[in-house]
Amino acid sequence: MQKQKKILFADDDIEFLKTYRKIVERAGFSVIEVYNGEEAITVSFTEHPDLLILDMSMPSRSGLEVLKAIRADSWGQTLPIIILTGKTITDKDLSEVTELYPTYYIIKGNISSEELISKITEVIK
């Protein structure tokens, strides 16, 4: 039996997380939720998820700070990361983000739950 793939969702929008946790678990993945950037970094390094889905605007550490911290580690350099955010990003921030190689950068309102599951499956299966 194949081990269930583990996804870490980092977002401070609790309602969003509740909704998407159910959708992602129904698709056969294990989900860990964190609500701020500091937790995202700590849990990433302790749990070693197969995928990180990261919001850009969170308390304690921004998504960009999380991305930098994870990519600075040898393990984190290859971690697939989907940025799923409602935040409008500046050209400067977008330039910094793309230099850190997220797998996808998606605006929350621009993707259906089915499309997100498709992207998750593409990235980690």
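Predicted, not measured: the structure shown is a model, and the values here were computed from it.

Student: Before we go on, may I ask you to explain the environment of Leu-100 in this structure?
Tutor: Mapped onto the secondary structure, Leu-100 falls in the loop between α4 (91–99) and β5 (104–107). Given the relative accessible area of 16%, Leu-100 is considered buried. Distance from Leu-100 to Ile-81, taken between C-alpha atoms, is 9.8 Å for residues 19 residues apart in sequence.

Student: Quick question: what am I supposed to make of the packing of helix α1 (residues 14–26) against helix α5 (residues 113–124) here?
Tutor: Two measures define how a pair of helices packs: the angle their axes make with one another and the distance between the axes. Where α1 contacts α5, the two axes come as close as 10 Å, and the packing angle between them is 55 degrees. When the axes of α1 and α5 are compared, the pair comes out oblique. Crossing handedness for the pair α1 and α5: right-handed. Here Tyr-20, Ile-23 and Val-24 of α1 come into contact with α5, specifically with Ser-113, Leu-116, Ile-117 and Ile-120. Partitioned by chemical class, the residues of the contact of α1 with α5 number six nonpolar, one polar and no charged.

Definitions and cut-offs
Residues numbered from 1 in each chain as written. Predicted model: local features only at pLDDT ≥ 70, side-chain atom pairs only at ≥ 80, totals over all residues. Heavy atoms only, no water. Helix = DSSP H or I, 4+ residues; strand = E, 2+ residues; numbered from the N terminus. Buried < 20%, exposed > 50% of the residue type's maximum accessible area, 1.4 Å probe, protein only. Axes fitted to C-alpha atoms, helices over the stretch in contact; angles between N-to-C directions. Parallel < 35°, antiparallel > 145°, perpendicular 65-115°, else oblique. Left-handed = near helix turned anticlockwise from the far one by under 90°. Contact = heavy atoms within 4.5 Å. Nonpolar A, V, L, I, M, F, W, Y, C, P; charged D, E, K, R; others polar.

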